[in-house]
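# Observations on the model geometry
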Amino acid sequence: MAAVEVAGLRKVYRGGLRRRERRALDGLDLVVAPGEVHGFLGPNGSGKTTTLRILLGLVRPDAGEVRLLGRPVPAELAGAVPEIGSVVEAPRFFPSFSGRRNLDLLARVAGLEPARVDEALEIVGLADRARDRVKGYSLGMRQRLGIAQALMKRPRLLLLDEPTNGLDPAGIREVRRLMAHLASTGVTVLLSSHMLSEVQQICTSVTIVAQGRAVRTGTVDAVLAGDTAARVRLRVADPAAATAVLTEGGLTVAHQDDWLMVSGAVPSEVNRLLGERGIWADELGPDHADLEDVFLSLTQASQEIPPA
Amino acid sequence: MIRLFGAEVRRLTARRMFRYLLLVGLAVLVFLGVLQAIHSSRDIPAAQARARRQAQADAARFSVAPPEAVARCKTGLPAGAPPDACTFHGPTADELYQQIYQDQRYSFAQHAPNVVVGLVVAVSLLGFVIGTSFIGAEWASGTMASLLTWEPRRIRVLLAKLAAPIVVLVVVGAVAVALGLAGSWLIAAIRGTTADTTSHAVNLMIARGARGLLLIGLLTGAGCAIAGFTRHTVAAVVATVAYLVIVENILRHLEPGWERWFLTSNAAAVLTGKFRLFLPPTGGFGSATLQRSFVLHASRGLIYLTALLAALVGIWAFTFTQRDIDEGGGR
Ligand SMILES: Nc1ncnc2c1ncn2[C@@H]1O[C@H](COP(=O)(O)OP(=O)(O)OP(=O)(O)O)[C@@H](O)[C@H]1O
Ligand SMILES: [Mg+2]
């Protein structure tokens, strides 16, 4: 049983006086296996927040099926909610109450013991500011309070919308450690983000969305490999000769600075072709693209979402 | 559900606005009490003597008609008029005394019903404002989304948010009425009179207080519901004030018959027990006109206002369950 299952999700917002329609989701599929830290990537306006809002029953989809921890949403959301911690967009609190009181009010709703509030505040490093009014919190402190709010339930599933937004480098690192720790205790995490290097470090699997649709999904390695399986970086003394040999061998060669980029083969094969003609590589290896390359190549096609 | 309710009560009572308003209310109550106590006097002989002096002075002044008026009267007089035709009959000192003398003692039986009415009206208005701002603040701060991630059953959330201010304000109203009556009794016992207090008067007062608490609950609930579907404190208050000032005020003059459907007249009926509405006279015989009027009873007012509240809550529930919660983010 997957922790999160989304199939064929569609949502068109109708807003404003002229009831303008804006398509936010266009048949999105998403599966997160238990125990995964799953990155949810996409450019601005691609529907990440909308998806999380639908998962939490805040927004009603026009079509599609959603299950969280095996329960259909929104029908049985109430049964799943005690095990789901979430932060959607910038977390919001009552500004004139202290951080502690804000959490305390939510803890009361679920009947959690007050100790959980302090525990969560401790985890996010907000314990000494907990009695200050939220009005006086910085962006990062609010974000921390939001994460504390999500952790308070000791959830089995965490849904986080850009959790590191506004955090300082130390905060980002803490969140990263926290995710790793939670994952090691079996918590499933779905986290949307723009910070690709971040996702690459934290997540075990990713889904990349564009224009309200999933364009690539899988483990981080697989998604990276999917783009670069056949790319080899090569440096030789005589690039021209090497290019001729490899082209003859049916491969595509591109020049990039003083590197040759060979597509359509794995390193050993390139090595063999060159060795047979007595050309010896100075450096040879697979081209490690990062998530950013994959992301941009997949999502750049068109950033604009056509009107519904 | 009960936990949700408890959390809402806690949020309401923790709000600074709520605490300040309670303090201000208490201060006003004490101030008015002290004023009444100072004003009350048990020195009946002194009051009587003062009134008698005043009555005699006034009678002396009135008994002497201005000479030019008497002269004017006499010039137009037909022959054969009685000699005292132009004498002026002013009120006697005794008559004036009856009008001038007032019992200066604070009377529990007389004042306590007004204390109840005043407190109920004040707490009702307070309830309306607190109700709207309690719900409006939730939308202003954008916290509805996070609450719903803790309790996604929106009808439950709505009922807790409706019940919390109603219960709290009814309790506040009950305490205020109890304090007001106790204060009133205290003033009467120490500096005034409780002698004319009949058990009938007490029963009426208790009934009025009880109906007043219902009214407080109704108005507080209405404030919540209006802020619930406008999703905005100021919008809710402005809409309500605009309705009262524009619709009820203008229609009262244009179509007095519709007054029986007004909030204000029904609220008055609930509070006072019977509220008489006058219609414009349609005609009569001779110089007399037939005054048409009818009476709104408390029970009718209660039913009507409850139905209105139910309708408002219905609209709130509909919009709350149907509309997306897409506010409350950094968009
Ligand atoms: N309440 C709303 N009313 C109308 N349109 C909306 C609303 N919320 C989102 N949209 C539209 O839906 C689309 C998806 O928005 P969404 O917020 O889900 O994107 P996102 O992936 O979270 O973007 P970002 O990375 O900027 O947070 C956008 O085109 C947006 O304009
Ligand atoms: Mg977003």
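These figures come from a predicted structure and were not determined experimentally.

### Some remarks on the site of ligand 1
Neighbouring ligand 1 are 15 residues; Gly45, Lys48, Thr49, Thr50 and His194 of chain A lie closest to it. One chain alone does not account for the residues near ligand 1; they come from chains A and B. Ser46 of chain A is positioned with one of its backbone polar atoms (N or O) 3.3 Å from an oxygen atom of ligand 1. Taking Glu162 of chain A, its side chain carries an N or O atom lying 3.3 Å from an oxygen atom of ligand 1.

### Focus on the interface of chain B and chain A
Contacts between the two partners involve 34 residues from chain B, matched on the other side by 33 residues from chain A. For the pair chain B and chain A, the summed buried surface comes to about 2,900 Å²; carbon and sulfur atoms form 57% of the total. When the buried area of chain B at its contact with chain A is split by residue, Arg10, Thr149 and Trp150 of chain B rank highest and sum to 27% of it. Inspection of the chain B/chain A interface yields 2 salt bridges.

### As for the sheet that holds strand S6 (residues 84–87) of chain A
Residues and elements named next belong to chain A. Taken in spatial order, the 6 strands of this open sheet run S6-S7-S8-S3-S9-S10, and their pairing is mixed. Strands at the two margins of the open sheet, each flanked by one partner only, are S6 and strand S10 (213–219). With direction set aside, neighbouring strand axes in the sheet form an average angle of 15°. Relative to strand S7 (residues 157–161), S6 is paired through 4 bridges, and the arrangement is parallel. Each residue of the ladder has a partner; that of Gly85, found in S7, is Leu158.

### With respect to the packing of helix H2 (residues 16–39) of chain B against helix H8 (residues 154–191) of chain B
Residues and elements named next belong to chain B. Between H2 and H8, the least distance of the axes is 10 Å, while the angle of their chain directions is 20°. Taken together, H2 and H8 sit at an angle that is classed as roughly parallel. Here the hand of the crossing between H2 and H8 comes out right-handed. When H2 is examined against H8, the residues Phe18, Leu22, Leu26, Leu29, Gly33, Gln36, Ala37 and Ile38 are found in contact with a partner set consisting of Val168, Leu169, Val172, Ala176, Leu179, Ile187 and Arg191.

### Focus on the side chain of Arg144 of chain A
On the secondary structure map, Arg144 of chain A appears in helix H5 (residues 139–151). Not counting the four nearest positions on each side in its chain, Arg144 of chain A is found in contact with Val124, Leu126, Leu167, Asp168, Gly171 and Glu174 of chain A.

### Some remarks on the nonpolar core
Nonpolar side chains tend toward joint burial in soluble globular proteins. Counting residues in hydrophobic clusters, the biggest one holds 132 residues, and the most contacted among them are Val4, Leu55, Met152 and Leu159 of chain A together with Phe320 of chain B. With near-sequence residues (within four places) excluded, Leu159 of chain A lies in contact with Val4, Leu52, Leu55, Leu56, Ile84, Gly85, Ser86, Val87 and Leu190 of chain A. In terms of nonpolar packing, the next biggest core, distinct from the first, is built from 15 residues, Leu234, Val236, Val253 and Leu274 of chain A among them.

### Quick notes on the sheet that holds strand S5 (residues 71–73) of chain A
All names here are of chain A. Taking strand neighbours across the sheet as the criterion, the 4 strands line up as S2-S1-S4-S5 in an open arrangement whose pairing is antiparallel. On the outer flanks of this sheet lie strand S2 (20–32) and S5, each paired with one strand and no other. Going across the sheet, the axis of each strand differs from the next one's by a mean of 30°, ignoring polarity. Examined bridge by bridge, strand S4 (residues 63–68) and S5 share 3 bridges and lie antiparallel to one another. Bridge pairing in S5 places Leu68 opposite Arg71. Contacting strand S1 (4–15), S2, S4 and S5, helix H1 (residues 48–55) runs over the sheet at an angle of about 110° to S1.

### Some points on unusual backbone geometry
All names here are of chain A. Geometrically, the link from Val73 to Pro74 is a cis peptide bond, its omega value of 5° lying close to zero. Structurally, the position occupied by Pro74 is in the loop between S5 and helix H2 (77–80). Look at Arg154: it is not a glycine, yet its phi comes out positive at around 50°. Inspection of the secondary structure assignment puts Arg154 in the loop between H5 and S7.

### Observations regarding the pairing of strand S3 (residues 37–41) of chain A
All names here are of chain A. For S3, a buried count of 5 out of 5 residues is recorded, marking the element as mostly surrounded by other parts of the structure. Residues of S3 alternate between two faces, with Val37, Gly39 and Leu41 on one and His38 and Phe40 on the opposite face, all of them buried. Examined bridge by bridge, S3 and strand S8 (residues 188–193) share 5 bridges and lie parallel to one another. Paired with His38 across the two strands is Leu190, which belongs to S8. In this structure, S3 lies alongside strand S9 (residues 205–210), joined through 4 bridges in parallel fashion. Residue pairing for S9: Phe40 is matched across the bridge by Thr207.

The rules behind the values
All residue numbers refer to position in the chain's written sequence, counted from 1. Chain letters start at A and ligand numbers start at 1, both assigned in the order the entries are written. Only residues with pLDDT of 70 or above have their local features reported here, since the model is predicted, and side-chain atom pairs are shown and tallied only from 80 upward, although totals for entire chains, interfaces and linings are computed over all residues. Working from all heavy atoms in the structure, the side-chain values ignore hydrogens and water. Each residue is tested against the molecule or strand, and it is near if at least one of its non-hydrogen atoms lies within 4 Å. By the criterion applied in these results, polar contacts are pairs of N or O atoms within 3.5 Å in which, for protein atoms, one can donate a hydrogen and the other can accept it, and in which residues neighboring in sequence qualify only through two side-chain atoms. In what follows, residue pairs with any heavy atoms lying within 4.5 Å of each other are defined as contacts. Here's the idea: put two parts together, see how much 1.4 Å probe accessible area each one loses, and the total over both is what we call buried area. Salt bridges are defined by distance alone: a side-chain nitrogen of Lys or Arg within 4 Å of a carboxyl oxygen of Asp or Glu. Following DSSP output, two strands are said to pair if at least two bridges run between them. By definition, any uninterrupted DSSP run of H or I lasting at least four residues is a helix, any uninterrupted run of E lasting at least two residues is a strand, and each is numbered from the N terminus. A fitted line through C-alpha atoms serves as each axis, taken over the contacting stretch for helices, and the angle formed by two N-to-C directions is quoted from 0 to 180°. Any angle between 65 and 115 degrees counts as roughly perpendicular, while under 35 counts as roughly parallel, over 145 as roughly antiparallel, and the rest as oblique. Two helices cross in a left-handed way if the nearer one is turned anticlockwise from the farther one by less than a right angle. They cross in a right-handed way if the turn is clockwise. Here, nonpolar core means buried Ala, Val, Leu, Ile, Met, Phe, Trp, Tyr and Cys residues that are tied together by side-chain atoms lying within 4.5 Å of each other. Working definition: with a 1.4 Å probe on protein chains only, accessible area under 20% of the residue-type maximum means buried, over 50% means exposed, and in between means partly exposed.

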